[in-house]
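Chain by chain, the residues:
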Amino acid sequence: MTDWPLWEVFVRSKGGLSHRHVGSVHAPDAGIALRHARDTYTRRMEGVSLWVVPSAQITASDPSDDAAMFDPAADKVYRHPTFYTVPDDVKHI
Amino acid sequence: MYTTELQKTASLGATEDPERLAAFEARVAADEFIEPKDWMPEAYRRTLTRQISQHAHSEIVGMLPEGNWIGRAPSLRRKAILLAKVQDEAGHGLYLYSAAETLGTSREEMIEALHSGKAKYSTIFNYPTLTWADIGAIGWLVDGAAIMNQVPLQRTSYGPYARAMVRVCKEESFHQRQGYEIMMVLAAGTPDQKRMAQDALNRWWWPSLMMFGPPDADSPNTAQSMRWRIKRETNDELRQKFVDITVPQADALGLSVPDPALRWDKARGHYDYGEIDWEEFYAVVRGEGPVAKERIAARRQAWEDGAWVRDAAAAHARKHGRREAA
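Residues numbered from 1 in each chain as written. Chains lettered and ligands numbered in written order. Predicted model: local features only at pLDDT ≥ 70, side-chain atom pairs only at ≥ 80, totals over all residues. Heavy atoms only, no water.

Asks: Tell me about the nonpolar core, and name the residues and values.
Replies: Ranked by internal contacts, the top residues of the largest apolar core, which has 81 residues, are B:Tyr44, B:Ile52, B:Trp140, B:Tyr158, B:Trp204 and B:Trp205. Looking at this core, the element that brings in the most residues is helix H5 (residues 132-153) of chain B, giving 11 residues. Those residues within four positions of B:Tyr44 in sequence are excluded, and the remaining contacts are B:Phe24, B:Ile34, B:Ser157, B:Tyr158, B:Trp228 and B:Ile230. Core analysis: the second largest hydrophobic core is formed by eight residues, A:Ala27, A:Ala33, A:Ala37 and A:Val52 among them. (Core = buried A, V, L, I, M, F, W, Y, C linked by side-chain atoms within 4.5 Å. Buried < 20%, exposed > 50% of the residue type's maximum accessible area, 1.4 Å probe, protein only. Helix = DSSP H or I, 4+ residues; strand = E, 2+ residues; numbered from the N terminus. Contact = heavy atoms within 4.5 Å.)

Spelled out as structure tokens, the structure:
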């Protein structure tokens, strides 16, 4: 038998928070994927909203290229507030 | 960077289903977040679309006064820092456009409204940046005022806007500190450098206070926006907070705030400050700011100059798509 397509599942645990990836389910279509996701990942009130996305639709960066991929941020410590010295008696900055 | 709500809020239509409206009002009053697929009154959607897109436009236009100093920064260190700050402003604009798009307005429509002059953005960017000290003053005062405005927006009632603000606030802190550092160096420098720092403070102080928007008495949108938890503090409350924390920072620099009426009111526990020139503010809102035309012309030019990059990306995608299909 051929597997049903794979869907990645994202749960919003409560209003105001982002959806977070929790895992995946197999399902023949989006509607059934949502129901499977509900039954698999939110049996204990873990969420208020669900997203399912076809796994094949996700383009991921290549882990073997991660050094080059994220290199541009590596030498830019000046993007952090702690790079700058402000005297202790100057407040709220 | 930030913009206050600069246009009239549409009044609540009589067409909304009263039951749904009551349920919505109750959710918001209970500090629940509203998410894109939730039902919301049209006036809430319109107000937020306008506020978030104005905020996004302010980030994008805010790159222009600083961008023209990148090539003239006094050292490689300062150039790298300013470049990083301008990159952040672009990022903040993109977070905000994305948040606004969840309300059903396309990116294209928003960009078009900015370029046609229909959309507003913060009045602060229609003032010129005349010297290097202005880059210090902008980071210290303009980003300082923006942070003051944006911190409470992390708890605004619309989820995507609140989450964008969390990211923005986290990144904004370096903007203010690098500006203050520039001011510290100039204020401790030669007499000419100190004069330059004082001159920048003189020119940016009042426009920074105007960034918080009209006084509460003349801000008809405030009550509705507070009730819907779009806004969490009034214009005057935020302005007072800004004055209270910024004046001691000016003192520490040995610079004086250009306001003869400024004095500590012991009884109130706040600084009293002089009358703001609201005529000037409304003139700038109407598009009569000193460099308003220049800013939009520069923005349009940047968009047109970038056309070949967009065309090349589209051509690459077409070619790549054909190869993958083959």
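Now that the structure is up, let's keep going.
Asks: Break down helix H11 (residues 292-305) of chain B for me, with residues and values.
Replies: Residues and elements named next belong to chain B. Taking 1.5 Å of rise per residue, 14 residues should cover 20 Å, and H11 covers 20 Å from first to last C-alpha, within 8% of that figure. Among all positions in H11, only Ala292, Arg295, Ile296 and Arg299 are buried. Down the axis, H11 shows its buried residues gathered within 90° of arc, on one side only. Turned more than 90 degrees from where H11 packs its buried face, Lys293, Glu294 and Glu304 sit exposed. In the core, the buried residues of H11 are packed alongside helix H2 (42-67), helix H4 (107-115) and helix H10 (278-288). (Expected span 1.5 Å × (residues − 1). Arc of directions from axis to C-beta.)

Asks: How would you explain H5(B) if you had to name every residue and give the values?
Replies: All names here are of chain B. For H5, built from 22 residues, the straight-helix expectation of 32 Å at 1.5 Å per residue is met to within 8% by its first-to-last C-alpha distance of 31 Å. The largest bend along H5 reaches roughly 35° and is located at Ile138. Taking burial as the measure, the 22 residues of H5 include 21 buried ones, the bulk of the element. Of the residues flanking the start of H5, the one acting as N-cap is Thr131, its side-chain oxygen 3.2 Å from the backbone nitrogen of Ala133. (Bend = angle between axes of the 7 residues up to and from the residue. Polar contact = N/O pair within 3.5 Å; in protein donor to acceptor, adjacent residues only side chain to side chain.)

Asks: Just give me the short version of the sheet that holds strand E1 (residues 6-12) of chain A, but keep the residues and values in it.
Replies: Strands pair in a sheet through their backbones, by hydrogen bonds, and they do so in one of two ways: parallel or antiparallel. Residues and elements named next belong to chain A. The antiparallel open sheet is built from three strands, whose spatial order is E2-E1-E3. Since the sheet does not close on itself, it has two edges, and those belong to strand E2 (20-26) and strand E3 (49-54), each with one partner. Adjacent strand axes in the sheet meet at a mean angle of 30° when their direction is disregarded. Packed on one face of the sheet, helix H1 (residues 30-41) meets E1, E2 and E3 and runs near 115° to E2. (Pairing = 2+ DSSP bridges. Axes fitted to C-alpha atoms, helices over the stretch in contact; angles between N-to-C directions.)

Asks: So what's going on with the packing of aromatic side chains? Residues and values would help.
Replies: All names here are of chain B. Evaluated as defined, the whole model comprises 16 aromatic pairs over all chains. Measuring from centroid to centroid gives 5.6 Å for Tyr44 and Trp228, while their planes differ by 80°, and the two rings are edge-to-face. With Tyr44 in helix H2 and Trp228 in the loop between helix H8 (222-227) and helix H9 (235-253), this residue pair connects regions lying 184 residues apart in the sequence. Here Tyr44 and Trp228 have matching classes, each one buried. (Phe/Tyr/Trp six-rings, centres within 6.5 Å; stacked < 30°, edge-to-face > 60°.)

Asks: Let's hear about the pattern of salt bridges: which residues, and what values?
Replies: Residue and element names in this part refer to chain B. Scanning the entire structure with this criterion turns up 25 salt bridges over all chains. Taking the shortest distance from any N to any O, the salt bridge between Glu181 and Arg77 comes out at 3.0 Å. Residue Glu181 is located in helix H6 (residues 159-187), and its partner Arg77 is located in helix H3 (residues 76-101); the two are separated by 104 residues in the primary sequence. Classification of Arg77 by relative accessible area gives partly exposed; the value is 36%. Connected through shared salt-bridge partners, Glu66, Lys85, Glu89 and Asp143 make up one network. (Salt bridge = Lys/Arg side-chain N within 4 Å of Asp/Glu carboxyl O.)

Asks: Account for the interface of chain A and chain B, with residues named and values stated.
Replies: Listed by partner, the interface residues are 18 residues for chain A and 21 residues for chain B. Carbon and sulfur atoms supply 63% of the area that chain A and chain B bury against each other, a total of about 1,800 Å² over both sides. On the chain A side of the contact with chain B, A:Arg79, A:Tyr84 and A:Ile93 bury the most area, a combined 35% of that side's loss. Between A:Arg12 and B:Glu35 there is a salt bridge; the shortest N-O distance is 3.2 Å. Counting every contact that joins chain A to chain B gives 10 residue pairs in polar contact (both at pLDDT 80 or more). Looking at the side of chain A that touches chain B residue by residue, the class counts come to nine nonpolar, six polar and three charged. (Buried area = accessible area lost by both parts, 1.4 Å probe. Nonpolar A, V, L, I, M, F, W, Y, C, P; charged D, E, K, R; others polar.)

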